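Residues per chain are reported as follows:
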Amino acid sequence: MRCATTAAAVSAPSTSGRQQAHNAAVAPCRLRPRQQPFLGEASALRQGGRSSGKRQQRAAAVNVAEQQQAPAPPRKQQGGSSKVVKVPPERVRNFSIIAHIDHGKSTLADQLLIKTDTVENREMQAQYLDGMDLERERGITIKLNTARMKYVAKDGQTYALNLIDTPGHVDFSYEVSRSLAACEGCLLVVDASQGVEAQTLANVYLALENDLEIIPVLNKIDLPGADPDRVKREIEEVIGLDCSNAIMASAKQGIGIEEILEAVVERIPPPKDARSEPLRALIFDSYYDAYKGVIVQFRVMDGELRRGELVKFMNTGCEYDVTELGVLSPKSVEVESLYAGEVGYLAASIKQVADARVGDTITLKRQPAAEALPGYTEAMPMVFCGLFPTDADQYPELREALLKLQLNDAALKFEPEVSSAMGFGFRCGFLGLLHMEIVQERLEREYDLALIATAPTVVFKAIDTAGKEHIVDCPSKLPPANRLESISEPYVRLEIITPKDYVGSIMELAQQRRGEYVDMQYLTETRTTLVYNMPLAEVVTDFFDALKSRSRGYASMEYSLTGYRENDLVLLDVKINAEMVEPLAAIVHRDNAYYVGKALVKKLKELIPRQQFRVPIQAAIGSRVVASESIPALRKDVLAKCYGGDISRKKKLLKKQAAGKKRMKSLGRVDVPQEAFMAVLSINQATTSTDD
Ligand SMILES: Nc1nc2c(ncn2[C@@H]2O[C@H](COP(=O)(O)OP(=O)(O)OP(=O)(O)O)[C@@H](O)[C@H]2O)c(=O)[nH]1
């Protein structure tokens, strides 16, 4: 039997739903146990999590009448000591830490902060820079984080080191590429027990594109399984990077930290001294602060910026007085000026979130630069889904929240969407399923919204009989069957790195997922790279999960879009109680439509609560029903077993029932729970394991 394949995976914000969506994330992401909730809770209070957000809003100093106030991301802590040291450009070093996920970037960043006395010991906690609650709970870095450190090197000179810690997961690679553009060098951290993985390669390519000096660091040498010599050879053979002066380190035990700092000073070039040129500063990140408006993080490329200056954002043309200028060390510390080569932030009572976009160039009004900097290539969303507020009145709040979140997440795209079943919402584009899940969770936590996410889908291209091309980022945008000529789907080049023992099993999986074999090469004696061309829709569902289970967690993968290809794809509609449920529709390959339909209706039968009447569920291609099930009518009520019982117990039962219904969306006469939107994901898993 072929495995079920579908263009649409589905998500819902329930706990199990999130977990499944996470499991289906498209690249390596091993979850670690939850960290101590210390900073999470503290920062929720400080920055206004769900409950304190409103309080902050009332206290907001900036008048943003037309906009909803929202808490700033937790990592931007206020205050801080006056540790910022002014040094000439030749003693500034800007560098990033890049690595495959979990190879120890954030732990190494912690050690650098400790060694340079940037963070006091009593304040220190694991993964210090991952200040966002979500990052701490999941143990992964989601956002780039910056920290300026003062370091007195062995040559007796004081240096200003600007560190940018980056995420490792492929869904957040846009953060990495922006970070690298602000640096002259990077530390390439490789786990000495695991070696080169898929994101190690991807990040090295990004660093090379940006012409960065790369310092290889072999981390986790304390582990019994560490084999630094083998990993060095691997880096040299696979990446072609000279490892004769690679640094042996254990971020956990603080080994090799001084050597790393010395290497940063010695090997990474200083920024070019362009202080005398007109100001050009590139915005690489920004966020919304309830008190100060938009806070912009930038790297000064040319010239000098002083507090109180009138600046102009070259792309939007907006002008603002700089009210606050500072650096993150990693707490915000105000400074009088920043010059070429330095990284910092500014506040200017910017009320409109659209005024200061990532990639824009800041210049001075009195002495403007002739040309803006090239900025960044736009992030291209891979996965789309509809986000709808459960309470229709929250639509304007959702719009404001998305605008503000977009400020802090430049890869997020959205446009309004109206659905007959779900009402008013937004069609949002993400870099992958993990990204989608994080955005949904941030919207719910940071902006106090309750949302429903519809089935995620990739972007198809359809040609109608008149020859017109339609971009289909939602199955409902497909032209009617009688006017449809063809459908094309996006393909990716998928590279898998795996120990050679699992090659057979992984090849089988790739074939089940419509993958076309391209190449296989031995990286070393024991490890292999496999290359496939595969439909993106197959990769973004649960492929990574299946890959991990077949390789016992040892394989890693990376993919890049290669183009579109016409395939025999069909629209699979779902009818519940004779009503078409648009958000459950999916575009699937014809060969798999029967299996997907059958498994989907079976799953929906399990998930949709029984009603007072019989509910038929059908999956159909056009008018042809490919699978059907029915939910028998409800016979018992929740109070039945409580006959003669205490009134408070009955109330409790009714309350429980009401709570269960709260997050359901009414579709016709049947309530469809959010879990139902996850159904297609679990179908892939179920059918794959049947195949196994
Ligand atoms: N034994 C050992 N464990 C380490 C070392 N460095 C990091 N770790 C552990 O490896 C895990 C991942 O570390 P992180 O620093 O969060 O890894 P990361 O690369 O920042 O992860 P992402 O930001 O999610 O990409 C944590 O459990 C660390 O405690 C080390 O030198 N030795």
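Cut-off values and rules
- Every chain is numbered independently, its residues counted from 1 as its sequence is written.
- Owing to the predicted nature of the model, reporting of local features is limited to residues with pLDDT of at least 70; listing and counting of side-chain atom pairs is limited to 80 or more, with chain, interface and lining totals taken over all residues.
- Here a helix means four or more residues in a row that DSSP labels H or I, a strand means two or more in a row labelled E, and each is numbered from the N terminus.
- Exposure classification rests on a simple neighbour count of other C-beta atoms within 10 Å of a residue's own: a residue reaching 20 or more is buried, one at 12 or fewer is exposed, and one in between is partly exposed. C-beta atoms are placed from the backbone.
- Any residue pair is listed as a contact if its two C-beta atoms, each placed from the backbone, are within 7 Å.
- A strand pair is defined by DSSP finding two or more bridges across the two strands.
- Orientation is described by lines fitted to C-alpha atoms, with helices fitted over the stretch in contact, and by angles between N-to-C directions that extend from 0 to 180 degrees.
- To sort the angles, those under 35 degrees are grouped as roughly parallel, those over 145 as roughly antiparallel, those from 65 to 115 as roughly perpendicular, and the leftovers as oblique.
- Crossings are classed by handedness, with left-handed meaning an anticlockwise turn of the near helix from the far one by less than a right angle and right-handed meaning a clockwise turn.
- A residue's pLDDT is simply how confident the predictor is in it, with values from 0 to 100.
- To decide whether a residue is near a molecule or strand, its C-beta atom is placed from the backbone and checked for lying within 6 Å of it.
- Any residue outside Ala, Val, Leu, Ile, Met, Phe, Trp, Tyr, Cys, Pro, Asp, Glu, Lys and Arg is labelled polar, Gly included; the first ten of those are nonpolar and the last four are charged.
- When buried Ala, Val, Leu, Ile, Met, Phe, Trp, Tyr and Cys residues are joined through C-beta atoms within 7 Å, the set is termed a nonpolar core.
- Given the number of residues in a helix, its expected span is that number minus one, multiplied by 1.5 Å.
- For this quantity, the arc is that covered by the directions from the helix axis to the C-beta atoms.

Caption draft 1: How the structure looks around the overall build of the protein. Looking only at helices and strands, one finds 17 helices and 33 strands in the protein. In the protein, which comprises 692 residues, the share counted as buried stands at 52%. Nonlocal contacts in the protein, meaning residues at least 24 apart in sequence, comprise 74% of its contacts between residues at least 6 apart.

Caption draft 2: Quick look at the sheet that holds strand E7 (residues 280-289). Taken in spatial order, the 8 strands line up as E11-E10-E16-E7-E8-E15-E12-E13 in an open sheet, and their pairing is antiparallel. Strand pairing shows two members of the sheet lacking a second neighbour, strand E11 (319-321) and strand E13 (332-334), which therefore form its edges. When the angles between neighbouring strand axes are averaged without regard to direction, this sheet yields 40°. Looking at chain direction, E7 and strand E16 (residues 361-364) are connected through 2 bridges and run antiparallel. Following the sheet pairing, Leu282 is matched in E16 by Thr361. Sheet strands in contact with helix H10 (residues 395-408) are E7 and strand E8 (293-302), and its direction is about 140° off that of E7.

Caption draft 3: Broad picture of the packing of helix H6 (residues 173-181) against helix H7 (residues 198-209). Where H6 contacts H7, the two axes come as close as 9 Å, and the packing angle between them is 30°. Considered as vectors, H6 and H7 are oriented roughly parallel to each other. The two elements H6 and H7 meet at a crossing, and its hand is right-handed. Contacts between H6 and H7 pair Ser173, Val176, Ser177 and Leu180 from the former with Ala202, Asn203, Leu206 and Ala207 from the latter.

Caption draft 4: View of the environment of Lys605. Its location among the elements puts Lys605 in helix H15 (residues 590-607). Once you skip the residues sitting within four places of it in the chain, Lys605 turns out to touch Ile617, Glu629 and Ile631.

Caption draft 5: Structural context of the confidence of the model for the protein. When pLDDT is averaged along the protein, the result is 79; 80% of the residues meet or exceed 70. Long-range and interchain partners of residues 685-692, a stretch whose pLDDT sits below 50, account for 13 contacts in this model, where long-range means more than four residues apart. Two numbers describe this predicted complex: its pTM, 0.73, and its ipTM, 0.97.

Caption draft 6: Seen up close, the site of the ligand. With respect to spatial proximity, 21 residues lie near the ligand, and among them Gly104, Ser106, Thr107, Thr141 and Gly168 are the closest. Counting residues per element, the shell around the ligand draws most heavily on helix H4 (residues 105-115), which supplies 3 residues. Classifying every residue of the shell around the ligand gives 6 nonpolar, 9 polar and 6 charged.

Caption draft 7: Structural view of unusual backbone geometry. Although it is not a glycine, Ser349 adopts a positive phi angle of roughly 50°. Position of Ser349 among the secondary structure elements: in the loop between strand E15 (343-347) and E16. For Ser349, a count of 16 C-beta atoms within 10 Å puts it in the partly exposed group. Positive phi is not limited to glycine here, since Ala578 has a value of about 70°.

Caption draft 8: Local environment of the packing of helix H12 (residues 503-512) against helix H14 (residues 543-550). At a minimum axis distance of 9 Å, the contact between H12 and H14 shows a crossing angle of 160°. Judged on the interaxial angle alone, H14 and H12 are roughly antiparallel. In this structure, the crossing between H12 and H14 has a hand that is right-handed. The residues of H14 that touch H12, namely those facing Ser505, Ile506 and Leu509, are Ala546, Leu547 and Arg550. Counted by class, the contact of H12 with H14 contains 4 nonpolar, 1 polar and 1 charged residues.

Caption draft 9: Structural detail: the environment of Arg527. Considering the arrangement of structural elements, one finds Arg527 in strand E25 (residues 527-535). Between the C-alpha atom of Arg527 and that of Asp393, which follows or precedes it by 134 residues, the distance is 55 Å. Those residues in contact with Arg527 that sit more than four places away from it in its chain are Ile497, Thr498, Pro499 and Lys500.

Caption draft 10: Local environment of the sheet that holds strand E20 (residues 451-453). Taken together, the 4 strands give an open sheet; going across it, the order is E18-E19-E17-E20, and neighbouring strands pair in antiparallel fashion. Looking at strand neighbours, the two that pair on one side only are strand E18 (413-419) and E20, the edges of this open sheet. Mean inter-strand twist for the sheet, computed between neighbouring axes without regard to direction, equals 30°. Alignment of strand E17 (residues 383-389) against E20, held across 3 bridges, turns out to be antiparallel.

Caption draft 11: Spatial organisation of the nonpolar core. Counting 186 residues, the largest nonpolar core has Cys186, Leu188 and Val217 as its most contacted members. Of all the elements, H15 adds the most residues to this core, at 7 residues. In contact with Leu188, not counting residues within four places along its chain, are Ile98, Ala99, Val204, Ile214, Ile215, Pro216 and Val217.

Caption draft 12: Expanded view of H15. For H15, with 18 residues, the first-to-last C-alpha span of 25 Å sits near the 26 Å given by 1.5 Å per residue. When H15 is considered as a whole, its buried residues turn out to be Asn592, Ala593, Tyr595, Val596, Gly597, Ala599, Leu600, Val601, Lys603 and Leu604.

Caption draft 13: A look at the pairing of strand E19 (residues 423-430). Two elements, E17 and E19, share 5 bridges in a ladder whose sense is antiparallel. Pairing of Gly386 across the sheet is with Arg427, part of E19. Counted between consecutive antiparallel strands, the loop separating E18 from E19 contains 3 residues.

Caption draft 14: Quick peek at the pairing of E8. Of all the 10 residues making up E8, 10 are buried; the element is thus mostly covered by neighbouring parts of the structure. As paired strands, E7 and E8 are joined by 9 bridges and run antiparallel to one another. Residue pairing across strands places Leu282 opposite Arg299, the latter belonging to E8. The antiparallel pairing of E7 with E8 creates a hairpin that spans 3 residues between the two strands. Pairing geometry for E8 and E15, over 5 bridges, is antiparallel.

Caption draft 15: Here's a closer look at helix H9 (residues 257-267). Three or more residues of H9 are buried, namely Ile257, Ile260, Leu261, Ala263 and Val264. Each buried residue of H9 lies within a common arc of 160° when the element is viewed along its axis, so the set occupies one face.

Caption draft 16: View of the environment of Tyr291. Position of Tyr291 among the secondary structure elements: in the loop between E7 and E8. Residue Tyr291 is classed as partly exposed on the basis of its 14 C-beta neighbours within 10 Å. Between the C-alpha atoms of Tyr291 and Ile463, which are 172 residues apart in sequence, the distance is 49 Å.

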